[in-house]
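Summary of the model geometry
Here is how the chains run, residue by residue.
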Amino acid sequence: MSVNASAGGRSRNHIVLTSHGASTGVAADGPVLNWGAPDPALRGPVVATLTDTTRRNAIGTHAGGYAVYRALAIAAGALPADFKADLTNTAPSDIIGPHPQWGDPGKIVSLDPFGHMIGEAFGAEVAGGLDVRPSIAITRAHIDMPEIRDALRAGRLKIDGDIIGPKGDVRVTKAAIEPVWYLPGIAARFGVSEGALRRALFEHTGGMFPELVTRGDLKVFLPPIGGMTLYLFGDPAKIGDGITPLACRVHDECNGSDVFSSDICTCRPYLAHGIEICVEMAQQGGVGLVVYNRKEGRALGEVTKFLVYNARKRQEGGDLPETYFKRTECVAGVQDMRFQELMPDVFHWLGITRIDRFASMSDMKFNALERAGIAVGERVAIPEELIPLDARVEMEAKVSAGYFSGGFQSQFDATQGRALEE
């Protein structure tokens with residue numbers, strides 16, 4: 001059941017069920033959605049807003065997990081249920097696409113390639129009253145990191161007044177992307193039937209979206225999960241041109257390390273190293289790209305991650321590489337739920353077919369890119385001097401499991417992590 005307090009002019013006390021099309025009085029002239037059509041006029045807009053339930057063509061709603069906060073704001077009376085955003089001057093700071101990959105329904109299944117082009121691609125629909133909202137926003141910013149300042153002091157990077165400003169700040173273009181799932185494509189990517197996918201999504205979210213099993217006509221789903229942020233270094237227009245060299249880091253969120261520099265993993269050091277590689281490439285005339293995915297704790301969540309930390313530190317024999325993955329399986333039932341099968345979509349959105357320098361040791365990420373037809377030149381391992389002492393357990397376990405080593409000098413048998421009390 002979905003609730004809309006004021007859709008279609010109904011009273012605020014009227015509850016509208018969207019689980020069956022007949023209950024909403026679906027408009028016969030509602031927006032058509034042909035996923036994978038290269039022309040936005042043929043593709044049609046993704047409409048997941050709740051201001052008019054008769055003209056929706058997608059399951060769920062915008063803002064990912066933040067949609068729950070929006071619902072809370074409406075319940076608290078802080079936000080009108082029928083609020084429509086004023087998108088004046090919100091157009092992208094830089095143009096991305098279109099690229100040929102946008103016209104292949106199998107290439108991009110987890111984001112809307114036209115999600116940043118609402119005004120340009122669907123201006124007529126918006127002018128006609130259709131509540132179409134962006135799922136991608138692109139802006140410009142400066143970032144200031146102590147690791148970049150360290151690289152400047154060491155002479156590995158230099159202030160050029162372009163990529164790196166006179167105060168050591170780095171100019172970037174960044175894009176925020178909300179997930180938009182084309183369910184037939186997601187199912188194909190994972191080798192399951194669309195029906196099985198829909199049922200699992202419905203049942204194992206506690207029945208949050210009945211339309212998944214009652215509205216087979218709706219093929220697009222906006223899941224309530226975190227999206228991603230892109231940081232582009234150098235000229236964004238050159239990304240995906242097939243000529244300009246590209247350096248890249250694909251990074252999955254780790255709040256403890258990325259923000260607070262926790263030393264049990266290599267996340268922040270590797271992220272910072274990847275950014276340095278991207279800046280270096282941009283200063284050499286190429287471009288750099290950092291893809292930051294909201295997949296905390298290998299998409300197992302931070303509570304699960306901390307439970308695993310405790311289990312690792314308290315187990316008999318101490319925190320060892322040989323039991324690194326086993327402890328995760330004991331708590332979560334699986335080693336990893338990031339499922340890199342969807343990760344290449346953002347590269348197709350950017351038109352990228354080759355990564356010249358890939359700052360990652362992950363075999364799962366590399367294999368996913370390779371399966372997607374994206375060539376990888378050099379794989380760049382994290383320098384050993386950047387690995388925190390307690391994170392050595394993680395690195396030894398991953399390299400032993402088949403991750404790219406890049407000359408990593410293994411000390412598997414001699415490695416043991418810090419005790420919980422230390």
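Description of the structure in this document. Since we're looking at a predicted model, the values are computed, not measured. (Residues numbered from 1 in each chain as written. Predicted model: local features only at pLDDT ≥ 70, side-chain atom pairs only at ≥ 80, totals over all residues. Heavy atoms only, no water.)

1. Concerning the overall build of the chain
Secondary structure assignment for the chain yields 16 helices and ten strands. Relative to its length of 422 residues, the chain is compact, with a C-alpha radius of gyration of 23 Å against a globular reference of 22 Å. Overall size of the chain, expressed as C-alpha extent along the three principal axes, is 65 × 55 × 40 Å. Split into buried and exposed, the 422 residues of the chain put 50% on the buried side. Of the contacts formed within the chain by residues at least 6 apart in sequence, a portion of 69% connects residues at least 24 apart. One way to put it: in the chain the 43 positive side-chain charges average out to a point 2 Å from where the 51 negative ones average out. (Helix = DSSP H or I, 4+ residues; strand = E, 2+ residues; numbered from the N terminus. Rg over C-alpha atoms; globule rule 2.2 N^0.38 Å. Buried < 20%, exposed > 50% of the residue type's maximum accessible area, 1.4 Å probe, protein only. Contact = heavy atoms within 4.5 Å. Lys, Arg positive; Asp, Glu negative; His and termini not counted. Charge placed at Lys NZ, Arg CZ, Asp CG, Glu CD.)

2. Things to note about the packing of aromatic side chains
Tallied over the full model, the rule gives nine aromatic pairs. The interplanar angle of 20° and the centroid separation of 5.8 Å between the aromatic rings of phenylalanine 306 and tyrosine 309 together place this pair among those described as stacked. With phenylalanine 306 and tyrosine 309 both in helix H12 (residues 302-314) and three residues apart, this pair spans about one turn of that helix. According to the relative accessible area criterion, phenylalanine 306 is partly exposed, its value standing at 43%. The exposure class of tyrosine 309 is buried, given its relative accessible area of 18%. One aromatic cluster in this structure is built from Trp102, Phe114 and Phe122. Across from the ring centre of tyrosine 270, 4.1 Å away, lies the NZ or CZ of arginine 249, which sits over that ring. In this structure, arginine 379 packs its charged tip against the face of phenylalanine 366, placed 4.1 Å from the ring centre. (Phe/Tyr/Trp six-rings, centres within 6.5 Å; stacked < 30°, edge-to-face > 60°. Lys NZ or Arg CZ within 6 Å of the ring centre and 35° of its normal.)

3. Considering the sheet that holds strand S5 (residues 220-222)
Pairing is mixed across the open sheet formed by three strands, whose spatial order is S1-S5-S4. Each having just a single partner strand, strand S1 (58-60) and strand S4 (181-182) make up the two edges of the open sheet. Pairing geometry for S1 and S5, over three bridges, is parallel. When the bridges of S5 are listed, alanine 58 appears paired with valine 220. (Pairing = 2+ DSSP bridges.)

4. Considering the nonpolar core
Leu230, Leu289, Val346, Phe347, Trp349, Ile352 and Ile355 are the most contacted members of the largest nonpolar core, which totals 40 residues. Setting aside its immediate chain neighbours within four residues, valine 346 contacts Leu111, Ile177, Met228, Leu230 and Val291. Membership of the second largest hydrophobic core comes to 35 residues, among which are Leu271, Cys278, Ala282 and Phe408. (Core = buried A, V, L, I, M, F, W, Y, C linked by side-chain atoms within 4.5 Å.)

5. As for the side chain of threonine 415
Note on placement: threonine 415 falls in the segment after helix H16 (392-400). Assessed through its relative accessible area of 7%, threonine 415 is described here as buried. Among the polar contacts listed, one links the side chain of threonine 415 to the backbone oxygen of glutamine 411, at a separation of 2.6 Å. Residues within four places of threonine 415 in sequence aside, it is in contact with Asp319, Leu320, Pro321, Arg392, Val393 and Glu396. (Polar contact = N/O pair within 3.5 Å; in protein donor to acceptor, adjacent residues only side chain to side chain.)

6. Focus: the sheet that holds strand S8 (residues 287-293)
The seven strands are arranged S2-S3-S6-S8-S7-S9-S10 in an open sheet whose pairing can be described as mixed. The strands lining the two open edges of the sheet, one partner per strand, are strand S2 (136-143) and strand S10 (375-379). Strand-to-strand twist in this sheet, taken as the mean axis angle between neighbours without regard to direction, amounts to 25°. Here S2 runs beside strand S3 (residues 170-177); their pairing, made up of eight bridges, is antiparallel. Residue pairing across strands places alanine 141 opposite valine 172, the latter belonging to S3. (Axes fitted to C-alpha atoms, helices over the stretch in contact; angles between N-to-C directions.)

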